[in-house]
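Per-entry structural report
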Amino acid sequence: MLRGRARVEDTRDEVTRRRESVPLARLEAAIAERPEARPFSEALLRPGISLIAEHKRRSPSAGAIREGATVEEIVLAYERAGAAA
């Protein structure tokens, strides 16, 4: 049980560190500058099969997934492969 508590504390420390390094106002400004995203509901309503992709950094069983790749690289690869959302 102690391992679980240690992970929770590590996560809380990481969240605190991130909040201190990037102010909320900066994140909100970055979001406001982004182009309009594609509505998720559109992806679900298209005829045929629509693939919904998820970017996951780590797997409990496999560890790191594509370590060193940026979120932008992964998202662009998903889009090129036809992910609808």
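These remarks concern the structure in this document. As the structure is a prediction and not an experimental result, all values here were calculated from the model. (Residues numbered from 1 in each chain as written. Predicted model: local features only at pLDDT ≥ 70, side-chain atom pairs only at ≥ 80, totals over all residues. Heavy atoms only, no water.)

Some details on the layout of surface pockets
The gaps of empty space that remain are located by a probe, the size of a water molecule, rolled over the atoms. If you add up the space inside the largest pocket, you get close to 770 Å³. For the largest pocket, the lining is made up of 21 residues, of which Arg34, Ala37, Val71, Val75 and Glu79 are closest to its centre. Among the elements that make up the lining of the largest pocket, the one with the highest residue count is helix α4 (residues 71-80) (5 residues). Across the lining of the largest pocket, the residue classes break down as 12 nonpolar, 1 polar and 8 charged. (1 Å grid on protein atoms, 1.4 Å probe; cavity = no way out; pocket = protein on both sides within 12 Å on 5 of 7 lines; lining within 4 Å. Points joined across faces, edges and corners; volume = space filled by probe spheres on them. Helix = DSSP H or I, 4+ residues; strand = E, 2+ residues; numbered from the N terminus. Nonpolar A, V, L, I, M, F, W, Y, C, P; charged D, E, K, R; others polar.)

Things to note about the environment of serine 59
Topologically, serine 59 is positioned in strand β1 (residues 58-59). Overall, serine 59 belongs to the buried group, its relative accessible area being 15%. Of the polar contacts made by the side chain of serine 59, one reaches the backbone nitrogen of alanine 62; its length is 3.2 Å. (Buried < 20%, exposed > 50% of the residue type's maximum accessible area, 1.4 Å probe, protein only. Polar contact = N/O pair within 3.5 Å; in protein donor to acceptor, adjacent residues only side chain to side chain.)

A short note on the pattern of salt bridges
Counted under the stated rule, the structure contains 3 salt bridges. For glutamate 14, the salt bridge identified is with arginine 17, shortest N-O distance 2.6 Å. Linking glutamate 14 with arginine 17, this pair stays in helix α1 (residues 2-21), spanning 3 residues, or about one helical turn. Classification of arginine 17 by relative accessible area gives partly exposed; the value is 45%. Where arginine 18 meets glutamate 14, a salt bridge forms, and the shortest distance between an N and an O atom there is 2.8 Å. Of the two residues, arginine 18 and glutamate 14 both sit in helix α1, 4 residues apart, roughly one turn of that helix. On the basis of relative accessible area, glutamate 14 is assigned to the partly exposed category, the value being 29%. Through salt bridges with shared partners, one network takes in Glu14, Arg17 and Arg18. (Salt bridge = Lys/Arg side-chain N within 4 Å of Asp/Glu carboxyl O.)

Shape is all these values report; function is a separate question.
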